[in-house]
Amino acid sequence: MRTTPGGSRFRGDVEGLRAIAVLLVLVYHAGVVSVSGGFVGVDVFFVVSGFVITNQLLREVESTGRLSLMGFYGRRAKRLLPAAGLVLVVTTIGSWLLTSRVQWQQIGGDIVGAAVYVVNWVFAARSVDYLAEDVEPSPVLHYWSLAVEEQFYLIWPVIILVLLAVLRRRAHRAAGRQGLPAGQIVVPQRRQLAIGLLAMIVLPSLVFSVVYTALRPSEAFFITPTRLWELGTGALVALGAGAWTRWSPGWGAALAWTGVVAVVASGFLVDTSTPWPGYAALLPVLGTAAVIVGGFTHTRWSPSVLLGTAPMVWIGGLSYSLYLWHWPLLRFWEWQFGAPSVPIGLLVVAASVVPSWLSYRWVESPIRHARALNVKPRYALSVGFNFTLVSLVAGLLLTGAATAQNAGTGRATGAGWTTDRSASTDNSAATGVPDDSAASTQGPGGQAVGLPLPEAEQAGDEPFFDTLTPDPLDAVRDVPSIYDAGCQLDAEDTTSSPCESGDPDGSVVVAVVGDSKVAQWLPAIDAIAEENGWLVRSYTKSGCPFADSMQITAEGAEYTTCRDWGRDVLERLTGPERPAAIITSSVMSRGLPGDAADPDDASREGLTDGYVRYWSALEDAGVQVIALSDTPQPGDVAPVYACVDDHRDDPSVCSWDLATSAGSTVLQAAVDEVDGAQFVDMDPWVCPGGRCVGVYRNVLTYRQGSHITGTFAQVLTEPLAAYLVPLVEHAGD
């Protein structure tokens, strides 16, 4: 194998590394459970890219004494943008043919973000967006890593130029002091460039990655600052090429094999519960660097013998195309036939070789090796820009196709619950249960309160709006105002200061406490508060029930910020911010009892006990506790708004039988153990007549998951007031 201080122009072992990286990603995306950390293949790509790109820059600087930004960007544009643009266009067409209108807008926006290489920031924002619950994996999700690389490519040659300028100036001054001709100083030493890179990029990015991954792991996975150190590590390897070539072949081979084991082991040892990248990413990153460093020397025992074989080199050469094509094809299959099994997933990723080779053969290679584009960098930039422009327009057209049919918001008809024909019917007939067990809660004196329970919608019932409201396309934005105000805290935030609404001059303070399932009722609660002179203070946090029991996140970690937040809120509510009553609810149904740390110990009893401890403290402080039922889960109908949009002519398809949610069961159990606490069951109003529907009297009922729309919450103001007003007015009696 040919080696030079700058590294050979072709490294078979590097191509083999690319093959390992893409195979890890493909097998992981195919659903092979044992390869739980296949996403580390992206980290391998980052190190390899940093190495290869820096080698190219160094060769130019050391051979010409300068660095052409136009030439560099032209090479990157013709190498990456045509294939990426082609896949984005195909993805747009597939999305238009296979998905619903409500998905077009989100997917179109993602395609636009991917086309301009900022989609990693889009996904980072979505990862902590409580309003993105129903958003399925994007068909361009994998473009986040390409965006990181492109952003690196934008800044890295500029940093090289800045370092060169600074170091050259120092060299010229030194030459002048020694009486040497300044013109003889052409290029600073690589060691100086490496120190500058280490100080400016690698160390700051690594420290930030470790800290930010611990604080906000969902965002940290996607954003550029947490990943720059990985590309910078590859760059450092390139800068140290002269030193690596002096290693003994035996030590080089040992190091390289250690690196191969580290990379492959990463694919099996880590999983989605591992905060990433952070310090955990050091294993595949340093492993990749070790393989490249060890490959500067060569023996017959080196892994380069295996990595440089024809099949590995072929896969490595095709890795970019394979990476681009496999994920959209998996999404196409799922949209058409449902989630693929592992064998089907493997077949799909294997089939992606066909479009990958075709695009490589007829798009990538001809453009990459076109003589005119090599001679004129601006032509290469133009070609890349045109492919990007076409994909950008495709994404915009898909978004436009969705919004073109948006009916907007309807006009309120003035209809109310008191005009519902069920007011003159027997409740037991309407609900299928006797009146004494119907969902009208009991007031402090044991009196029944509430309106007659509604029936399922029947022909002739007056609609609440003259057209379907909100339009399904707007469902995810039909939320309480606290989201725009930043009052709904994300998972990492522990701030407990409340947001105020209702009557600002109200003499009665009501606290709304819990997760998004109580926050969904704020449009109705605020209307009730304004009518009755209540000041509402909301304390809400994503996925966090107001209970003294540890929650476990979807990734299997302890939700410590939830418990910290809850304890601080309890201190406020039993102290200086003591309200007359609190209204709470939650979707959660399990919690860890006591100080148990094993996620498998989470149980309904654990969460129930946590509610009881908090609520008992509130009752002892004279605060009325009111627990609202959790809204029923839609099951197979979810997302409801997408189903309604697909069946506008017959939205009754989007309906399901009422079943008490697990969250409500735990809330009711806790109420039964706390004297004075009250449970308000809104299920018969959310699902009139025992049947949950996607559209009730021209109101779209559900948005994300099992959350009701803000419009539906407003429609339910009158029945909710019938329950809440007596309870709040008699608080403390």
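For the structure given in this document, a descriptive report is provided here. Predicted model, so just to flag it, every value in this text is computed and none were measured. (Residues numbered from 1 in each chain as written. Predicted model: local features only at pLDDT ≥ 70, side-chain atom pairs only at ≥ 80, totals over all residues. Heavy atoms only, no water.)

### Quick word on the side chain of Arg331
Where we set the bar: Strands here mean DSSP runs of E at least two residues long; helices mean DSSP runs of H or I at least four residues long; both are numbered from the N terminus. Only protein chains enter the accessibility calculation, which uses a 1.4 Å probe. A residue is then buried if its area is under 20% of the maximum for its type, exposed if over 50%, and partly exposed in between. By the criterion applied in these results, polar contacts are pairs of N or O atoms within 3.5 Å in which, for protein atoms, one can donate a hydrogen and the other can accept it, and in which residues neighboring in sequence qualify only through two side-chain atoms. Contacts: residue pairs with any heavy atoms within 4.5 Å of one another.
Within the fold, Arg331 resides in helix α14 (residues 310–337). On the basis of relative accessibility, which here comes to 2%, the residue Arg331 falls in the buried class. For Arg331, the side chain forms a polar contact with the side chain of Glu334, separated by 2.5 Å. Apart from the residues lying within four places of it in its own chain, the contact partners of Arg331 are Glu136, Pro137, Ser138 and Pro139.

### Some points on the pattern of salt bridges
Rules: A carboxyl oxygen of Asp or Glu within 4 Å of a side-chain nitrogen of Lys or Arg is what we treat as a salt bridge.
Inspection of the entire model under this criterion finds 25 salt bridges. For Glu334, the salt bridge goes to Arg331, with nearest N and O atoms at 2.5 Å. Of this pair, Glu334 and Arg331 both sit in helix α14, 3 residues apart, roughly one helical turn. Notably, a salt bridge pairs Glu577 with Arg572, separated by 2.4 Å at the nearest N-O pair. Residue Glu577 is classed as buried on the basis of its relative accessible area of 17%.

### Some remarks on the environment of Gly566
Structurally, the position occupied by Gly566 is in helix α22 (residues 560–573). C-alpha of Gly566 to C-alpha of Lys541: the two residues are 25 residues apart in sequence and 9.2 Å apart in space. With sequence-adjacent residues up to four places away left out, Gly566 is seen in contact with Phe546 and Tyr614.

### Some words on the packing of aromatic side chains
Defined as follows: Stacked, edge-to-face and tilted labels apply to pairs of Phe, Tyr and Trp rings (six-membered ring for Trp) whose centres lie within 6.5 Å, assigned for plane angles under 30 degrees, over 60, and everything in between, in that order.
Scanning the model with the defined rule gives 24 aromatic pairs in all. Ring geometry for Phe72 and Tyr153: centres 6.4 Å apart, planes at 80 degrees, overall edge-to-face. Remark: Tyr153 occurs in helix α6 (residues 143–178) and Phe72 occurs in helix α3 (residues 69–98); sequence separation between them is 81 residues. Judged by relative accessible area, Phe72 falls into the buried class, the value being 0%. Residue Tyr153 is classed as buried on the basis of its relative accessible area of 3%. One aromatic cluster is present, formed by Tyr28, Phe39, Phe46, Phe123, Trp144, Phe221, Phe222 and Trp276 through successive ring pairs.

Remember that the coordinates give geometry; whether it matters functionally is a separate question.
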